[in-house]
Every structure is written in structure tokens, then in C-alpha cells.
Amino acid sequence: MKDAQRYTVLWMAVSGLLIGLLRKEGIYIALPVLICAAVIRTDKKRILCIVFAVVLCCTMCINSFLEKAMDSAWSGPPDSWAFPLQMVAAYVTKYPDELSDDEKEWIDGLMTFDTIAERYNPEQSDARAHRLRRDITADDAKMMAGFIVNKFFKHPRVIVEAALNEMYGYFDPFYFYEGMSRYSLYNKGSLSESDKDVVYSEYVFSDEVRETASDAIYAWNTIPIFSFVSNPASYMWLGVLFAGALLRKREWKHMLLYAAPALTICICFISPVNGLMRYVQPVMAVSPLIVVVGMLPYVEKVKNMQ
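Remember, it's a predicted structure, so these values are computed and weren't measured experimentally. (Residues numbered from 1 in each chain as written. Predicted model: local features only at pLDDT ≥ 70, side-chain atom pairs only at ≥ 80, totals over all residues. Heavy atoms only, no water.)

## A word on the overall build of the chain
Here is step 1 of the chain: Within the chain, the secondary structure is distributed over 15 helices and 2 strands.
Here is step 2 of the chain: Within the chain, buried positions represent 41% of all 306 residues.
Here is step 3 of the chain: Long-range contacts, defined as pairs at least 24 residues apart, comprise 73% of the intrachain contacts of the chain with a sequence gap of at least 6.
Here is step 4 of the chain: Surface exposure of the chain reaches about 17,400 Å², of which carbon and sulfur atoms provide 63%. (Helix = DSSP H or I, 4+ residues; strand = E, 2+ residues; numbered from the N terminus. Buried < 20%, exposed > 50% of the residue type's maximum accessible area, 1.4 Å probe, protein only. Contact = heavy atoms within 4.5 Å. Areas by Shrake-Rupley, 256 points an atom, 1.4 Å probe, with all protein chains shown as cover.)

Rendered as C-alpha cells:
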């Protein structure tokens, strides 16, 4: 294998590990990218399969070790329901008098109906998901879908606004959500409720360490140009720019490598928090790959002209 090819394979392995470690769900972007690369480069299928196995095994082992070593808490399945729950909460906040007794009873079975309006935060719904009074069943999912569709035809603006408030931070490169920290707190212990939010009972690092890290990050965000590095929308538009460049050249095979980052961005749109950098970290880790792949057809064209 040539030196350039060795560096490429090594870079893909390191990038895959970084994606999987920077965010637990990052493995779901690293592995599809490696699969797409193996499909495109059939001559390198064997080495790419080895990289796939190494990334998968190392990520699972390291994450498992870190969880036990740090006693880190996992948010669990409730976050998956945060987006539709936010739409339900938005409607309850705006039009509580229009709800039937059956609807109120069903909503109160999931969340405390009387406190929904007081706790409602248009840009953060993960706390609401953690306050579920019971697990969401298949019948609850059907009820929620029917509720959202029904209320959309009555007051579409409420449902649309609830959706947009959860995602516009991933489009606006000048937006920074201040409601939550942009860095990992490494939570320990169990979740508990405060007056306005859900908090963790304990953290791995001390208050001083977390405050110092916070000050450094927020100082970085005040520097022009550099602040875009820590803005999730920057990476969304980076992907759009180079995807457009590939579409212009009709490089369909190379476009496959953008499938996983695009899926990650789409998941960010329905994530529990609007414009939170932690959700985009997997895309941030593969941004060099996005740039390099997007520029390949144009670099080859320049070489051919010479």
C-alpha cells in the first residue's frame, strides 16, 4: 500500500474513533461512512472492512470502560419523544381550554398537566421528556400522532412554531443557545427536578473545573470567525456547500459519503435542544472529509488542465 493510501486509511480509522467517542451516537455516522467508502472503493474493501471492525470494537470497549470508570448517567429513551412532546406542550400552553377531558386526562397521564405551561421552554424539550410520569407505549405514540395532526388543522401556526423553535439554531450561523452548556458535564448519579429544570445530582468534575472550561469556551465564542467553529449551523451549511459542488459535477458515488452526515443533521433538527453544539460533534469530526471529498472533482480538473 502506498504511503498516501496508508495515511488515508489511518485518518479514516482515527476519525471514526473520534466520532464514536465525541458523542455516543456518533458510531451511527462513522460506520455508515465506512460502509459507503467500501462500496465506492471496491479495491480497498478488505482494508476498509478491517477499519470498520477496529472502529466498532474500540468504540464499544472504550465507551463501556468510560461509563463504568466515571459512573456516567445516560439520558435513555425519553429523549426520543422530546420533539413530539414539545408540540403537545406548545398546544397545551396556547389553547388549554380547547382540549377535551379525555385529552387532558391522557396528557396528565404522561406529564403533569397543570405545570406544563409554567415549565414550557420553546427551545428545550429534553427536560420535559425526563419528566414523563410513565413509559410511552404504542397506544401513546398513536394518540400523540393523532393529537398533533388534529391540532395542526385547527391551529397550524402553533405546531409549526413549536417545530421551528426546536431547529432554527441549526440554520442560523450567528445563533448560540445559552440555555444549556455546549460542553460535556459528565453527569453522575440520577436525575432530579428543580423549580424550572431537570438537574443531575452529581458531576464527575468539580464546580471550579466546569466553570473554568465554561469561561474558556464562551470567550472563544466572542472572537469573530473563530466563533463559527463552535456553531452547529456552520457545519450544516458546510455540508450543503460541498454537496452542491458534488451535485454540480454529478459525482453520485462521492455523494454516498455525505449520507451519514446528512442523516445526523436531520436528526439534529428533531433533537431535544435547539442549536446545541454537542449534537453536531460527529459532523464536526468528519468535516475535513466533507471538504476533501467535495473538492476532489475540482482538484482533478485542475490537474488535467496542467
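Next comes the rest of the write-up.
## Section: the nonpolar core
It is characteristic of soluble globular proteins that their nonpolar side chains tend to be buried jointly.
Here is step 1 of the chain: Ranked by size, the top nonpolar core spans 67 residues in total, and within it Val-88, Ile-107, Met-111, Met-144, Leu-257 and Tyr-258 carry the most contacts.
Here is step 2 of the chain: When residues of this core are assigned to their parent elements, the largest contribution, 10 residues, is made by helix H2 (residues 27-40).
Here is step 3 of the chain: Beyond its immediate chain neighbours, meaning those up to four positions away, Ile-107 contacts Val-88, Val-92, Leu-99, Phe-113, Ile-116 and Phe-147. (Core = buried A, V, L, I, M, F, W, Y, C linked by side-chain atoms within 4.5 Å.)

## A short note on a nonpolar patch on the surface
Here is step 1 of the chain: Taken together, the side chains of Trp-220, Ile-223, Ile-225, Phe-226, Val-229 and Met-284 make up a nonpolar region of the molecular surface, amounting to roughly 540 Å² of accessible area.
Here is step 2 of the chain: Checked against the element boundaries, Val-229 lands in the loop between helix H10 (207-220) and helix H11 (232-249). (Patch = residues over 30% accessible without salt bridge, like charges linked within 9 Å, V, L, I, M, F, W, Y side chains within 5 Å. Salt bridge = Lys/Arg side-chain N within 4 Å of Asp/Glu carboxyl O.)

## Quick word on unusual backbone geometry
Here is step 1 of the chain: The backbone phi angle of Arg-250 is positive, close to 55°, even though this residue is not glycine.
Here is step 2 of the chain: With respect to the helices, strands and loops of the structure, Arg-250 is situated in the loop between H11 and helix H12 (252-255).
Here is step 3 of the chain: Accessibility expressed as a relative area gives 64% for Arg-250, which makes it exposed.

## Concerning the packing of helix H8 (residues 138-154) against helix H9 (residues 156-165)
How two helices sit against one another is set out by the angle between their axes and by the gap between those axes.
Here is step 1 of the chain: It is at 5 Å that the axes of H8 and H9 come closest, and there the two elements cross at 120°. When the axis of H8 is compared with that of H9, the two are oblique. Contacts between H8 and H9 pair Ile-148, Lys-151, Phe-152, Phe-153 and Lys-154 from the former with Pro-156, Ile-159 and Val-160 from the latter. (Axes fitted to C-alpha atoms, helices over the stretch in contact; angles between N-to-C directions. Parallel < 35°, antiparallel > 145°, perpendicular 65-115°, else oblique.)

## So, H11
Here is step 1 of the chain: Here H11 spans 27 Å end to end across 18 residues, near enough to the 26 Å set by a 1.5 Å rise per residue.
Here is step 2 of the chain: By the burial criterion, the buried members of H11 are Pro-232, Ala-233, Ser-234, Tyr-235, Met-236, Gly-239, Phe-242, Ala-243, Ala-245 and Leu-246.
Here is step 3 of the chain: For H11, the capping residue at the N-terminal end is Asn-231, with a side-chain oxygen 2.9 Å from the backbone nitrogen of Ala-233.
Here is step 4 of the chain: Count one or two residues on from H11 and you reach Arg-250, which has phi positive near 55°. (Expected span 1.5 Å × (residues − 1). Polar contact = N/O pair within 3.5 Å; in protein donor to acceptor, adjacent residues only side chain to side chain.)

## Section: the packing of helix H4 (residues 82-94) against H8
Here is step 1 of the chain: Contact geometry for H4 and H8: axes closest at 10 Å, N-to-C directions at 45°. Between H4 and H8, the interaxial angle falls into the category oblique. Once H4 is placed against H8, the crossing between them reads as left-handed. In this structure, H4 uses Pro-84, Leu-85, Met-87, Val-88 and Tyr-91 to contact H8, whose residues at the interface are Met-144, Phe-147, Ile-148, Lys-151 and Lys-154.
Here is step 2 of the chain: Split by residue class, the contact of H4 with H8 holds 8 nonpolar, no polar and 2 charged. (Left-handed = near helix turned anticlockwise from the far one by under 90°. Nonpolar A, V, L, I, M, F, W, Y, C, P; charged D, E, K, R; others polar.)

## Focus: H8
Here is step 1 of the chain: The first and last C-alpha atoms of H8 sit 25 Å apart over 17 residues, in line with the 24 Å expected at 1.5 Å per residue.
Here is step 2 of the chain: Within the sequence span of H8, burial applies to Asp-140, Met-144, Phe-147, Ile-148 and Lys-151. The buried residues of H8 occupy one face: seen down the axis, they fall within an arc of 95°. For H8, the exposed residues set more than 90 degrees away from the buried face come down to Ala-138, Asp-139, Lys-142 and Phe-153.
Here is step 3 of the chain: Against the buried residues of H8 lie H4, helix H5 (101-110) and H9. (Arc of directions from axis to C-beta.)

## Considering the environment of Leu-48
Here is step 1 of the chain: Note on placement: Leu-48 falls in helix H3 (residues 45-70).
Here is step 2 of the chain: Classification of Leu-48 by relative accessible area gives buried; the value is 5%.

## Points about the pattern of salt bridges
When the charged atoms of two side chains with opposite charge come close together, those side chains can pair.
Here is step 1 of the chain: Applying the stated criterion across every chain yields a total of 2 salt bridges.
Here is step 2 of the chain: Here Glu-103 makes a salt bridge to Lys-151, at a shortest N to O gap of 3.2 Å. Here Glu-103 is found in helix H5, whereas its partner Lys-151 is found in helix H8, with 48 residues between them in sequence. For the pair formed by Glu-103 and Lys-151, the shared burial category is buried.
Here is step 3 of the chain: A salt bridge links Arg-157 to Glu-161; the nearest nitrogen and oxygen atoms lie 2.9 Å apart. Separated by 4 residues within a single helix, Arg-157 and Glu-161 lie in helix H9, roughly one turn from each other.
Here is step 4 of the chain: Residue class for Arg-157 comes out exposed when judged on its relative accessible area of 64%.

Just distances and angles here, no functional claims.
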